[in-house]
Amino acid sequence: MEFEPLDQYLQRRKKLTEIEALGYPAHPHKFDWTHTPRQISERFGASTSEELSSQNVEVQVAGRIVALRPHGKAGFAHLAGDGAKIQIYVRLDVVGDQAFKLFQLLDLGDIAGVRGHLFRTKTNELTVKVERLQLLTKALLPLPEKWHGLADTEMRYRRRYLDLIGNEKTREIFLRRAQVVRELRRFFDERGYVEVETPMMHPILGGATARPFTTHHNTLDMDLYLRIAPELYLKRLVVGGLERVYEINRNFRNEGIDAIHQPEFTMLEFYQAYSDGPALMDLTEELLRGLAEKICGGANVSFGEREIDFSRFERLSMREAIRKFWPAAAGVAPSKEELIAKNGPRKIVERYNTFARPKGLDTIDEDENASAGELIGELFEAIAEQHLVQPTFIHDFPVEISPLAKRREDDPSLAERFELFVAGMEIANGFSELNDPDDQERRFREQVEKGGQEMPKEVDVDYIRALSHGLPPTAGEGIGIDRLVMLFTDSHAIREVILFPLLRHAAEADAAAAGQDTPVKPSDDRSDNRSQ
RNA sequence: AGGGGCGUAGCUCAGUGGUAGAGCAGCGGCCUUUUAAGCCGAAGGUCGUGGGUUCGAUCCCCACCGCCCCUACCA
């Protein structure tokens, strides 16, 4: 296979042949390094020239050549590895003819290993004076531009490896992401939760409301859904006596792609028996405050123009939030009584739409079949959601939009449920789990009757059976890991925190390289499954 | 899906109704403490794709493809 830029590709292949002709293996198996570039700068970064020469430090270090400055019979290069760089200095009179010829055949991007002693140059840069040079891997393709890195966003996502080599910020984001996940695991492990893995392929849709991806198992001749949420399996485990469980894994939802949505995204879900929704709000505060401190060094985290303060979490009921953020221009905010009244929400929606329509703002769908609770949910989203920049729990969700949550003891129209919003994004969703099998069955049946692509086609009978065996009072919560990482890395697009975000069909050049004709583009008969 | 923006050398970007330019990378040469190394020389392009307008299009118009932003669905 050959790749563009072809002239450079062929040139590098030629050099590799010449390197082999010099007696060096093209693909050596192993390199015994004593230090990574980072370790050298960490351990000897403070050593003076005199200290280095008196200590006579010998190192073996490997890395990718990211800078190359030949000077006739000598030359400098930088090896990058472990997130740091170390300069190497190669002299003909030190390494000898053969190794110097090798040096001259090296290119930017090659992986090399050297042995030598540390010293400081005239400009005081810590440098390895090379005594032995080896090619470890030839790069047959050139690196992106050396000081702008790779800027084209599409290329950055499609060829993330180049983005990671060229853009330090990208590397930083994904190291931080790993740190977030590590801290989450530590948090839950310390508190006696058991990490589990539940199925990614579900025979029945459940645990959330979303359009699924479908697939098929051939041997079992069985249609399956990629899971939209692990919830119903995790609660089965609580029935089974795993009283504290968590899972960090992917969910798949066949819906829109934008700055905060990707079809596969990572979710933490956790459940604990003998607890309830309000208790989880406290736990969530503790979790996020601790994460902010560990990941960002303090409770205040910059996000774009703003500072987000993870030391204070506001709590508002959904109805309070609607009142609080009701636009002044839309007249008097709805009263508590109006929000509770049977036809109140519908009238409020009409009032809001009368205000919003002429202004070109989003209006709320005045669906005749929509329940009061559904309208409250929509009012909240239209009016309040985008204002929730500082960490804010919204609690007391209408039960109609919370099919898996337990009702409040003092008000059966409300679910004991909350969502956490930060920077206008929904970050977490938790509640007291509905453990009454009769109520759950009723709500499942309503979903099936309601129909639609995001609703289950059948009642999950086994889940009702599990509840019938007895789910202890339990609280559960889901936290969107990608969005959390966005907050802690000041990233404003979910694609920035997902290594390989889903993009449209790959470029034609790839298909050409693979020896195909232009990529297969479904022609006319695709309208049904492609249109949204 | 609707509205807006972008697509020029391998990369980062200029530019123009008269068939294109810089820096980096690559190639040849000089150079034994450079670091955006330097100096000299040569090369590199169906200007996203396909139509249209025009004597002539990379530029103007239309369609399509891809990416980005906003809106809608959604977490």
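Scope of this entry: the structure provided in the associated data block.

Procedures and definitions
The written sequence of each chain sets the order in which its residues are numbered from 1. Think of it this way: whatever chain is written first is A, whatever ligand is written first is 1, and the rest follow in order. Only residues with pLDDT of at least 70 are given local features in this predicted model, and only at 80 or more are side-chain atom pairs given and counted; all residues enter the totals for whole chains, interfaces and linings. In computing side-chain properties, one takes all heavy atoms of the structure into account and sets aside hydrogens as well as water. Numbering of helices and strands starts at the N terminus; helices are DSSP runs of H or I of at least 4 residues and strands are runs of E of at least 2. The rule is simple: take the accessible area with a 1.4 Å probe, protein chains only, and divide by the maximum for that residue type; under 20% is buried, over 50% is exposed, in between is partly exposed. Charge assignment in this entry is limited to Lys and Arg as positive and Asp and Glu as negative, and neither His nor the chain termini are counted. Taken as the charge location is NZ of Lys, CZ of Arg, CG of Asp or CD of Glu. Whether two residues are in contact is decided by their heavy atoms: any pair within 4.5 Å suffices. In short, DSSP must find at least two bridges between two strands for them to pair. In this text, near means that some heavy atom of the residue lies within 4 Å of the molecule or strand in question. We call two N or O atoms a polar contact when they sit within 3.5 Å, provided that within protein one can donate a hydrogen and the other can accept it, with sequence-adjacent residues counted only if both atoms are side-chain atoms. Residues grouped as a nonpolar core are buried Ala, Val, Leu, Ile, Met, Phe, Trp, Tyr and Cys residues, joined through side-chain atoms within 4.5 Å. Salt bridge criterion: a side-chain nitrogen from Lys or Arg within 4 Å of a carboxyl oxygen from Asp or Glu. Helix span, expected: 1.5 Å multiplied by one less than the number of residues in the helix. To get an axis, fit a line to the C-alpha atoms, keeping to the stretch in contact for a helix; angles then go from 0 to 180 degrees between the N-to-C directions. Handedness of each helix crossing follows the sense of rotation of the near helix against the far helix: counterclockwise by less than a right angle gives left-handed, clockwise gives right-handed. In this analysis, a patch consists of residues with relative accessible area above 30% that form no salt bridge, clustered at 9 Å for like charges and at 5 Å for the nonpolar side chains Val, Leu, Ile, Met, Phe, Trp and Tyr. All accessible-area figures derive from a Shrake-Rupley calculation using a 1.4 Å probe, and residue coverage is judged against the displayed protein chains alone.

Across its full length, chain A holds 19 helices and 19 strands. Across the 532 residues of chain A, 46% fall into the buried class. Computed over 70 positive and 88 negative side-chain charges, the inter-centroid distance for chain A is 6 Å.

The next thing to look at is the side chain of H395. Note that H395 resides in strand β15 (residues 392–398). Not counting chain neighbours up to four residues away, the residues in contact with H395 comprise M281, R315, L316, S317, M318, R417 and F418.

Another aspect to go through is the sheet that holds strand β8 (residues 214–217). Across the sheet, which stays open at both edges, the three strands sit in the order β7-β9-β8 with antiparallel pairing between neighbours. Whereas interior strands pair on both sides, the edge strands pair on one side only; in this sheet they are β7 (201–202) and β8. Here β7 runs beside strand β9 (residues 222–226); their pairing, made up of two bridges, is antiparallel. Bridge pairing links H202 to Y225 in β9.

Around RNA strand B there are 53 residues in total, and T123, W147, H261, D362 and R483 lie nearest to it. For RNA strand B, the fraction of protein-proximal atoms (within 4 Å) that sit in sugar or phosphate groups is 59%. At 3.0 Å from a base nitrogen of RNA strand B is found a side-chain nitrogen or oxygen belonging to D258. Residue R483 places a side-chain N or O atom 2.2 Å away from a sugar or linking oxygen belonging to RNA strand B.

Here we come to the nonpolar core. The biggest cluster of nonpolar side chains holds 43 residues, and the ones touching the most others in it are L184, F188, L268, F270, F310, L484 and F488. The greatest single-element share of this core, amounting to eight residues, is contributed by helix α10 (residues 277–296). Those residues within four positions of L184 in sequence are excluded, and the remaining contacts are I248, L268, L287, L291, I481 and L484. Within the second largest apolar cluster, 31 residues are counted, among which are Y24, F44, I65 and A77.

To continue, consider the pattern of salt bridges. In this structure the tally under the stated criterion is 39 salt bridges. For R408, the salt bridge goes to D396, with nearest N and O atoms at 2.9 Å. With R408 in strand β16 (residues 407–408) and D396 in strand β15, the pair connects residues that are twelve residues apart, well separated along the chain. Among the residues examined, R408 registers a relative accessible area of 26% and is labelled partly exposed. Under the relative-accessibility criterion, D396 is labelled buried at 15%. Across the pair E419 and R417 runs a salt bridge whose closest N-O atoms are separated by 2.9 Å. In this pair, the class of E419 matches that of R417, namely buried. If you follow the salt bridges from partner to partner, you end up with R12, K15, D107, D110 and K138 in one network.

Right, let's get into the pairing of strand β4 (residues 111–120). Two faces, one strand: in a regular strand the side chains alternate between the faces of the sheet. Burial within β4 is extensive, with seven of its ten residues counted as buried. Sheet topology places β4 next to strand β5 (residues 126–137); ten bridges connect them, and they run antiparallel. Considered in β5, the bridge of V114 is made with L133. Following β4, the chain reverses through five residues before pairing antiparallel with β5; N124 in that reversal takes a positive phi of roughly 75 degrees.

Below, the discussion takes up unusual backbone geometry. For D82, which is not glycine, the phi torsion reads 60 degrees and is therefore positive. As for its position among the elements, D82 is in the loop between β2 (74–81) and β3 (84–91). On the accessibility criterion, D82 (36% relative accessible area) is partly exposed. At D221, a position not held by glycine, the phi torsion is positive, near 45 degrees. Examined against the element boundaries, D221 turns out to sit in the loop between β8 and β9. For D221, a relative accessible area of 60% puts it in the exposed group.

Turning our eyes to something else, we now look at helix α8 (residues 168–190). Under the 1.5 Å per step criterion, the end-to-end length of α8 is 33 Å for 23 residues, consistent within 8% with the ideal 33 Å. Those residues of α8 that fall on the buried side of the exposure criterion are T170, I173, F174, R177, V180, V181, E183, L184, F187 and F188. Along its buried surface, α8 packs onto α6 (153–158), α7 (160–166), β10 (244–252), β11 (264–273), α10 and α17 (481–489).

Taken N-terminus to C-terminus, the directions of helix α13 (residues 344–359) and helix α14 (residues 372–383) make an angle of 35 degrees; their axes are 9 Å apart at the nearest point. By crossing handedness, the relation of α13 to α14 is classed as left-handed. For the pair α13 and α14, contact is made by P345, R346, I348, V349 and Y352 and by A372, L375, I376, L379, A382 and I383, respectively.

Another point: a nonpolar patch on the surface. On the surface, M1, F3 and L141 cluster together to form a nonpolar patch covering roughly 290 Å² of accessible area. Summarising the element assignment, L141 is placed in the loop between β5 and α6. For L141, a relative accessible area of 33% gives the class partly exposed.

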